[in-house]
Amino acid sequence: MPWTRWWTSWWRTRMRSEEVIMLHLSHNYFVDSMEYPLIQPGPYGRWFHSELCDFVSVLVCQCQHSLIFDSYLINTLISLLSELSDSHIRAFRHTCTLAAVKLLTSLMDVAVNLSLAVEKTQKLQQAQRPSRQKAQVERAQRKVKELQGKRAEIESMMNVIFKAVFLKRYRDVHPEIRSICAEELGRWMRLYSSVFLNDTYLKYMDWMSYDKIPDVRLKCVLGLQSLYGDPIVLPHLDLFTSRFKDRMISMTLDKDHEVALQTMKLLLLISKTHEDALTADDYKPLLRLVYSSQRPLAVTAGELLFLRVLSIDDPTAINQDERSQEEAHKQHTFTRLKALLEFHRDSKLHNHVVYLVDSLWDCSGALLKDWPTITSLLLHEPSSPLPGTGLTREDEAVLVELMLASVRQASEGPVLAGRNGAKKMLSSREKKVQVDDCTKLTQHFLTVLPHLLAKFSGRWDIVASLMRIPQYFLPESPEAKNTQLVSRLLSEIRAVLEVHSDAAVLEAASRTFLSLCGEETTWGSMARPVRDSMVQGWVDHLKGLLTNSFVGAIFSADQEQSGDLYVTLKKVSAFHNCHDLSGWNLFDLLLPLLPVEGSQEGAPPEVLKEVLQCLSYCVFWSLSTSSEILTSRDKAVSLRLQLRVFCEASHRCLSHSNRSVRQQAFLGVSDILTAHSYQQQVWHPTSWGPLPYTPTPKLQMALLNFVCKNVFSGPDGDHECKACRHSEEDKMEELHRRRSMLAAYCKLILHGVLETSMAADIFTFYVKCCNLVLQYQNDLGDIIKETIHRSRLIDKFESTRTLVLSLQQSFVRLKREQEAGGLPHVQQGVQTFSSIKELAKRFALTFGDLVKFRQCLVLIHRSGIEFAFQDFESSTPTFLSYLSILAEFSSKLLKPDKRTVLAYLQKHTSDQAADLTEERWQPLVFYRGSLLAEGDDAASHGSSDRKQPGRSKSKLEGSKSFGPLSPTEPQVGKVHRSSPSNKTTHAQEHLVKRPPSQGTVNTEAGDDDDHADEDAVEVEL
């Protein structure tokens, strides 16, 4: 019993000593202190991390033969690290967790060395047992037992660290600690698989893969990669793979791109090492990632696709006696291409083959660049002696797109729209490979492309793809000097244009001629005459059609003539988009086709649309080449006259009955006015340039009405958009048109063509009203927000006045509707009061730097006060409720500005006494309360007037009432904290006099209050 008492007393004393040590160590640290070396940024933090890990490793390495087994040093160190890693102080917990897991790793190295020594000793003992004496054998056995005992002791230490540190810290609240645990666990499984590579420890790896921090999940995936990459431990991972493969497959869709990429690499490694680990259903979502927007992930998925689908051995290539090597190669290539086409057809996820080619380019570039084999497969006849190479019409179209995508990839590289992660710069080796590929494709397709165009001349989809291939030719190629090949290619292109008039074919031909007709190209001298000859033929044909289509000034062409006119206009317009056709004077030729003032009859809508587009190209080219053609004032006046005529004609078309004509007229005139404004801004003042032109007020109002009617409501006046009943593709097309029209109008404002105040009606649609049926509002807000931001950079005061005008116009519409005795109707575009208030809140959020825009915010309040009290004589102001909307901007004011606005408010209300208890004055009460409030003001965002000790007088000055608006002056003093039931409402707290609570108010307010109790706070009664 005495011994028991002594032990208990000694243990309590020891525990108290440890607590005193912990308190002493944590005296200068906060719980979540960010000032400790391990997390310091820069080289110092990395140096400390590296040195700490090296120190633990060297300590164990130097002590592994003696001190490590003395049952004192390592045990004491483990106890210290275990206690500190469980501390509530983050600095101790983080640092000691890192030291503890590194200690376990170092002990694991010792255990591995001991295991190797045991195996070596046992092998030596078995090899020399017949020739050794009994004493030597016993000595070797004792040595083996000693090594095994040391290993067991080391494993016991490792087990203690794992249970005392890892099991508590792998779910720590701080992600850095969890990341350390995940990283080290993967290392332990790889280094000491005999103990750690089992389901008991693997389950922690799976659990941490669900961590909400990407770095922790990434460490888990990297640890599993090291395991699956080791052939020795692969047999132990079968059960883990079967149980947790679903989680690994789902992590390929991780929101963190690096985690998704490394997970895909892990699954690729599993597919290589365990062929039967993943089923066909498991591969489907993985292979579809070749269409991912992240190129590294798509390339890794392409490697998996190549491994599982395209790595096909050619069975016919073995028997070289029956087939030639060339035919065997074609058969093998066709088999792989057929598998690729089947995969693309079955995926049904993406219509653009270019992304599939980009994903496969790094691993199967040889297959995709085998253009001779691909073109031979496209050119072969059904009676070809090569069996099994029949292609369907769909396969031919996809194969041509595949060939075009490979040509583009070889010429331009992996930069694609909508795909991130590609290298911006190419190395010298990559540039050399790119030039070699361009030379090969130019040499091959100059010979083969005319035959392909001739064979597929009746199919516009294939022809449109084939005609884009010459855009990637290398002008410096030796084959470019072969005039016979170039002439034959141009002849085939011209023959195709005589047959087809589809937009895709015309655009491809126009861009191809643009690349062929360049001044620096070798074949430009042959391509330009062919282009001019085609355009001259179309213009001559167009003149003949126009002569026969008009009877006087009335368009009287029949349906056949109108169709022929439409096709010819499409060809001319497509080429005028890329080529300067000013020499044919198309503007004067096509202008009579547009309707005149007051006329409702004329050319068909599709003809008018092409005419408007072609006329806009004429004006564009005139502005673009104005530096060459404007050599005198007469030519500048002629250009402005052309611009005015086009704007007037487009203005008349804005009221056309056909929707497509109206949209083309709007887009054409908007783009032309924007281009004209830009030319005036960049033109040198010493030379002749475009003369100023300002659109008429009628045109400006027509443009505004068009945007409000066609962008922010349904087509043709139907507020329930008809596109809602269409397919997703139609919805996206409709959304694209709306965004294009809104962006075109906003550019007019930003380029100074229209006044900034013309955007007031547009800004009202920044927040969708709940009662307004608007299909695409959420997809248009980014354009309006960017317009607000850029207009503020141009002129912040004018932009602010526009925001104020937008709110006031919406409020006036609402008041007029309420006075009429009705509710806001969707057809009239009237918003509710709550939606206008929400709009003001959104406007307030656009002011970021409050110090920079403090004058703008004061301007908003001054304008709002003047608007609210503009008819304040004896009765209640008509627009008094506007102050509730204006209060949304009060939180953005700085303290000095709040006092300024309060003084300005007093100026408008001091002459009239008001009973604030009446309900009609509640907007004023609410607005004044928002200006007096200090809990949500903007002082913390940059105000220099911050609260300092002993400033109770300043609070008194900022809290004074405005004479007749309040019966008495509010008092300021020190009060003790009270329950919420003693608090008044936000507005009443400042505007209504209330008796103080009994026993809680200190009525002596002054400078002596600076020494009051620390629990006291300042309030205003």
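Structure report, in brief. (Residues numbered from 1 in each chain as written. Predicted model: local features only at pLDDT ≥ 70, side-chain atom pairs only at ≥ 80, totals over all residues. Heavy atoms only, no water.)

Side note on the overall build of the chain
For the chain, the helix and strand inventory stands at 40 helices and four strands. Looking at the chain as a whole, 48% of its 1021 residues qualify as buried. Here the contacts in the chain between residues at least 6 apart in sequence split such that 74% fall between residues at least 24 apart. Surface exposure of the chain reaches about 52,200 Å², of which carbon and sulfur atoms provide 52%. (Helix = DSSP H or I, 4+ residues; strand = E, 2+ residues; numbered from the N terminus. Buried < 20%, exposed > 50% of the residue type's maximum accessible area, 1.4 Å probe, protein only. Contact = heavy atoms within 4.5 Å. Areas by Shrake-Rupley, 256 points an atom, 1.4 Å probe, with all protein chains shown as cover.)

A word on the packing of helix α5 (residues 134-169) against helix α6 (residues 175-191)
As a packed pair, α5 and α6 sit with axes 9 Å apart at the nearest point and diverge in direction by 125°. One way to sum up the angle between α5 and α6 is to call them oblique. Between α5 and α6, the contacting residues are Phe162, Phe166 and Arg169 on the first element and Ile177, Arg178, Cys181, Leu185 and Trp188 on the second. Its residues assigned to classes, the contact of α5 with α6 shows six nonpolar, no polar and two charged. (Axes fitted to C-alpha atoms, helices over the stretch in contact; angles between N-to-C directions. Parallel < 35°, antiparallel > 145°, perpendicular 65-115°, else oblique. Nonpolar A, V, L, I, M, F, W, Y, C, P; charged D, E, K, R; others polar.)

Focus: the nonpolar core
Core analysis: the largest hydrophobic core is formed by 269 residues, its most contacted members being Ile154, Phe196, Leu466, Met467, Leu742 and Tyr745. When near neighbours in sequence (up to four residues on either side) are disregarded, Phe196 contacts Leu104, Met108, Met158, Phe162, Trp188, Met189 and Tyr201. (Core = buried A, V, L, I, M, F, W, Y, C linked by side-chain atoms within 4.5 Å.)

Thoughts on empty space enclosed by the protein
On inspection of all chains with the given rule, the structure shows six cavities of 30 Å³ or more. Of the voids in this model, the second largest cavity is the one considered here, and its volume is about 60 Å³. Lining of the second largest cavity is provided by Met205, Asp206, Ser209, Cys220, Val221, Leu224, Phe240, Phe244, Arg247, Met248, Met251 and Leu266. Listing elements by their share of the lining of the second largest cavity, those giving two or more residues are α8 (199-208), α9 (214-228) and α10 (238-250). (1 Å grid on protein atoms, 1.4 Å probe; cavity = no way out; pocket = protein on both sides within 12 Å on 5 of 7 lines; lining within 4 Å. Points joined across faces, edges and corners; volume = space filled by probe spheres on them.)

With respect to the side chain of Thr373
By the element assignment, Thr373 lies in helix α16 (residues 371-379). Separated by 2.9 Å, the side chains of Thr373 and Asp370 make a polar contact. With sequence-adjacent residues up to four places away left out, Thr373 is seen in contact with His329, Lys330 and Thr333. (Polar contact = N/O pair within 3.5 Å; in protein donor to acceptor, adjacent residues only side chain to side chain.)

Some details on the packing of aromatic side chains
The final tally for this structure, using the stated rule, is 28 aromatic pairs. Note on Trp538 and Phe575: the rings are 5.1 Å apart at their centroids and 70° apart in plane angle, and the pair reads as edge-to-face. Here the residue Trp538 occupies a position in helix α22 (residues 524-549), and Phe575 occupies one in helix α23 (residues 559-578), the gap between them amounting to 37 residues. The pair formed by Trp538 and Phe575 is uniform in burial state, with each residue classed as buried. Between Phe847 and Phe853 the ring centres are 5.9 Å apart and the planes differ by 70°, which places this aromatic pair in the edge-to-face class. Overall, Phe853 belongs to the buried group, its relative accessible area being 10%. Positioned over the ring face of Tyr210 is Arg247, at 4.1 Å from the centre of the ring. (Phe/Tyr/Trp six-rings, centres within 6.5 Å; stacked < 30°, edge-to-face > 60°. Lys NZ or Arg CZ within 6 Å of the ring centre and 35° of its normal.)

Side note on the side chain of Arg531
Looking at the secondary structure, you find Arg531 in helix α22. Given the relative accessible area of 16%, Arg531 is considered buried. At 3.2 Å, the side chain of Arg531 forms a polar contact with the side chain of His579. Ignoring anything within four residues of it in the chain, the contact list for Arg531 reads Phe513, Cys517, Phe575 and His579.

Points about helix α11 (residues 257-273)
Note that an α-helix has 3.6 residues per turn; residues three or four places apart therefore point the same way. Between its first and last C-alpha, α11 extends 24 Å over 17 residues, near the 24 Å set by a 1.5 Å rise per residue. Along α11, the residues classified as buried are Val259, Ala260, Leu261, Gln262, Thr263, Met264, Leu266, Leu267, Leu268, Ile270 and Ser271. Residues of α11 that are buried in the fold lie against α9, α10, α12 (280-287) and α13 (295-310). Taking the backbone nitrogen of Glu258 as reference, a side-chain oxygen 3.3 Å away marks Asp256 as the first, capping residue of α11. (Expected span 1.5 Å × (residues − 1).)

Remarks on the pattern of salt bridges
For the structure on display, the rule yields 36 salt bridges. Residues Asp358 and Arg295 are paired through a salt bridge, measuring 3.0 Å at the closest nitrogen-oxygen approach. On the criterion of sequence distance, the pair formed by Asp358 in helix α15 (residues 353-368) and Arg295 in helix α13 is long-range, its members being 63 residues apart. Of the two residues examined, Asp358 and Arg295, each falls in the buried class. Of the charged contacts, one joins Arg738 and Glu734 as a salt bridge, the two residues approaching to 3.0 Å between their closest N and O atoms. Of the two residues, Arg738 and Glu734 are both situated in helix α30 (residues 728-750); the distance of four residues between them amounts to about one turn of the helix. A relative accessible area of 2% means that Arg738 is categorised as buried. The structure contains a network of salt bridges with shared partners spanning Asp86, Arg93, Lys168, Arg169 and Asp172. (Salt bridge = Lys/Arg side-chain N within 4 Å of Asp/Glu carboxyl O.)

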